[in-house]
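Spelled out, the chains give:
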Number of protein chains: 2
Amino acid sequence: MGIDKVNLDDMLNQFSEHWSPKTVGRVNDYEIKVVKVQGEFVWHQHDETDEVFLVLDGELTIDTPNGAVVLGPRETVTIPRGIQHRPRAERETSIVLIEPTGVANTGEAGGALTAVPESFV
Amino acid sequence: MGIDKVNLDDMLNQFSEHWSPKTVGRVNDYEIKVVKVQGEFVWHQHDETDEVFLVLDGELTIDTPNGAVVLGPRETVTIPRGIQHRPRAERETSIVLIEPTGVANTGEAGGALTAVPESFV
């Protein structure tokens with residue numbers, strides 16, 4: 001069995017759509033995903049899990065009821081379970097997400113931006 | 001309660017020692033760590049968990065019984081549980097690790113390079 005590395009930029013070059021996370025790695029029952037975002041996402045929350053955001057390129061703002069967090073490259077934040085949040089980005093921004101396998105991107109909110117899970121690995 | 005972001009470079013600037021991971025984020029019962037490495041680590045394995053390596057700066061080689069994986073910046077690999085591996089780096093290299101809380105850096109091997117867990121968050 002080979003152990004294959006993943007180049008995050010190669011993964012990002014394989015798609016252009018926004019708000020549609022792609023799984024690029026796994027650790028036990030957690031997934032590492034990359035996603036491109038631009039514009040405003042929906043307010044939502046994940047009742048069962050925390051969620052890690054790590055910006056690769058661009059600038060991500062995450063609105064919460066207690067204010068906004070603004071992340072540049074190599075900056076990360078954990079949104080705790082149960083906390084309402086709305087990611088947004090003025091320009092196209094690339095992000096790594098870390099969360100358990102099977103988490104819906106729109107959490108409890110659902111709606112048109114709910115992504116179909118897609119894996120590149 | 002505030003939700004604080006973490007700048008990975010600020011974290012890396014707070015220490016200089018090698019092979020001593022610092023926790024900089026959490027997602028449920030998993031930890032995001034940064035570590036600086038140079039030279040050869042010990043051969044070891046983690047019987048209970050996979051482990052994700054993501055290079056920030058430099059070049060990391062991970063030897064396994066089936067060959068070596070060489071990672072540059074923005075490249076990642078998952079070493080599956082139970083697989084012997086030895087990280088090494090010719091020059092100083094900065095890495096993100098993702099694994100469950102409480103995993104020893106030297107796995108089952110132990111020894112002098114076993115790090116005392118340290119958290120920056």
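The following refers to the structure shown. (Residues numbered from 1 in each chain as written. Chains lettered and ligands numbered in written order. Predicted model: local features only at pLDDT ≥ 70, side-chain atom pairs only at ≥ 80, totals over all residues. Heavy atoms only, no water.)

**Considering the overall build of chain A**
Assigned secondary structure in chain A consists of 1 helix and 9 strands. Mapped in sequence order, the helices and strands of chain A form the string β-α-β-β-β-β-β-β-β-β. Relative to the compact-globule value of 14 Å for 121 residues, chain A shows a C-alpha radius of gyration of 14 Å, a close match. Across its three principal directions, the C-alpha atoms of chain A cover 45 × 30 × 25 Å. Evaluated residue by residue, chain A yields a buried proportion of 54% over its 121 residues. Per element, the accessible surface of chain A, about 5,300 Å² overall, is 47% carbon and sulfur. One way to put it: in chain A the 10 positive side-chain charges average out to a point 3 Å from where the 20 negative ones average out. (Helix = DSSP H or I, 4+ residues; strand = E, 2+ residues; numbered from the N terminus. Rg over C-alpha atoms; globule rule 2.2 N^0.38 Å. Buried < 20%, exposed > 50% of the residue type's maximum accessible area, 1.4 Å probe, protein only. Areas by Shrake-Rupley, 256 points an atom, 1.4 Å probe, with all protein chains shown as cover. Lys, Arg positive; Asp, Glu negative; His and termini not counted. Charge placed at Lys NZ, Arg CZ, Asp CG, Glu CD.)

**Quick word on the interface of chain B and chain A**
At the junction of the two partners, chain B supplies 38 residues and chain A supplies 38 residues. For the pair chain B and chain A, the summed buried surface comes to about 3,200 Å²; carbon and sulfur atoms form 54% of the total. For the chain B face of the interface with chain A, the top three residues by lost area are Ile-3, Asn-28 and Arg-74 of chain B, together amounting to 24%. Linking Arg-74 of chain B and Asp-9 of chain A is a salt bridge whose minimum nitrogen-to-oxygen distance equals 2.8 Å. In this structure, the connection of chain B to chain A is made through 28 residue pairs in polar contact (both at pLDDT 80 or more). When residues of the side of chain B that touches chain A are traced back to their parent elements, those giving at least two are β1 (6-7), α1 (8-12), β2 (22-27), β3 (30-40), β4 (51-57), β6 (67-71), β7 (75-79) and β8 (86-100) of chain B. With 2 bridges connecting them, strand β1 (residues 6-7) of chain A and β7 of chain B associate as antiparallel partners. Of the residues in β7 of chain B, the one forming a bridge with Val-6 of chain A is Thr-76 of chain B. (Contact = heavy atoms within 4.5 Å. Buried area = accessible area lost by both parts, 1.4 Å probe. Salt bridge = Lys/Arg side-chain N within 4 Å of Asp/Glu carboxyl O. Polar contact = N/O pair within 3.5 Å; in protein donor to acceptor, adjacent residues only side chain to side chain. Pairing = 2+ DSSP bridges.)

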